[in-house]
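# Per-entry structural report
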Amino acid sequence: MKKGKFITIDGVEGAGKSTQIDFICEYLKAKGIQVVLTREPGGTKVGEKIRELLLSNSTGDMHADTELMLMFAARNEHIQNKIMPALEQGDWVLSDRFTDSSYAYQGGGRGLDINRISQLESWVMQDFTPDMTLLLDVPVEIGMSRVESRGKKDRIEMEKMDFFDRVRQAYIARSKEFPDRIKLIDSSKTIEHTTEQIATVLDTL
Ligand code: Z5A
């Protein structure tokens, strides 16, 4: 039986997920909550191997359906072997990306049929869903400019601007479809501005 809370953080490149994760962990720990930090794709031994396959440029082209199924294969391992056990022992889990990324990148970005994604979601997740998703929203150009100095791009980051515009629009559409779960956070201003909004919504959990 699930006892802890499951929080996910999502958004386009450079939205500030990694930056805000440190704050969220500290904020929850200060309230006496034990937090398990994890990420997708990845988070388990098998999931990290799938991540390498998905993101490495040496993988080359991959059919969009294959990419989607690998995301869900990694997610199944993640839920069964890491997220659920942690929640069952009362820890909270914070995941850097989760299923909303599949709807945004494989659905919005790659143009895959949403029904196929929701079929995989039903199979892998059944009725399991995050308690809260923090969607950090930033215009794609701003997000890209923040990560430009990192240099080498991974296989998905190599996509063009219009791909990431579609990803962002898909995220926004999902936040409208699930307004109770997905909290849209304006991440286009300062780091402190984003942090304040996150603290406000975390207090509602
Ligand atoms: N993917 C998928 O396609 N389908 C799926 O189902 C899943 C994932 C689960 C994983 O990448 C890739 O997998 C991702 C989606 C795909 N692909 N792409 N492309 P990832 O999650 O490992 O990495 P990322 O999303 O690309 O992370 P990122 O680019 O590092 O973004 P971020 O973590 O949101 O940004 P950050 O590192 O916190 O900040 C970037 C810089 O901006 C840094 O220098 C900060 O100091 C700065 N920053 C942050 N916030 C601000 C503000 N507010 N103002 C100014 N500067 C800021």
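What this report covers is the structure whose coordinates are included nearby.

About the cut-offs
- Residues numbered from 1 in each chain as written.
- Predicted model: local features only at pLDDT ≥ 70, side-chain atom pairs only at ≥ 80, totals over all residues.
- Heavy atoms only, no water.
- Near = heavy atom within 4 Å.
- Polar contact = N/O pair within 3.5 Å; in protein donor to acceptor, adjacent residues only side chain to side chain.
- 1 Å grid on protein atoms, 1.4 Å probe; cavity = no way out; pocket = protein on both sides within 12 Å on 5 of 7 lines; lining within 4 Å.
- Sits in = over half its atoms within 2 Å of the grid points.
- Helix = DSSP H or I, 4+ residues; strand = E, 2+ residues; numbered from the N terminus.
- Nonpolar A, V, L, I, M, F, W, Y, C, P; charged D, E, K, R; others polar.
- Points joined across faces, edges and corners; volume = space filled by probe spheres on them.

Near the ligand there are 28 residues, and of these Glu13, Thr19, Arg51, Arg97 and Ser102 occur at the shortest range. Residue Thr19 places a side-chain N or O atom 2.6 Å away from an oxygen atom belonging to the ligand. Here an oxygen atom of the ligand and a side-chain polar atom of Glu157 are 3.4 Å apart. The cavity that encloses the ligand is the largest pocket. Within the residue set of the shell around the ligand, elements represented by two or more residues are α1 (17–29), α2 (45–55), α3 (64–88), α4 (99–109) and α6 (140–147). By residue number, the principal contributor to the shell around the ligand is α4, which donates four residues. Its residues assigned to classes, the shell around the ligand shows nine nonpolar, nine polar and ten charged.

A volume near 590 Å³ is recorded for the largest pocket. Those elements that place two or more of their residues in the lining of the largest pocket are α1, α2, α3 and α4. When its residues are assigned to classes, the lining of the largest pocket shows eight nonpolar, seven polar and eleven charged. By volume, the second largest pocket is sized at about 190 Å³. Together, Glu13, Met144, Val147, Glu148, Arg150, Gly151, Lys152, Lys153, Asp154 and Glu157 line the second largest pocket.

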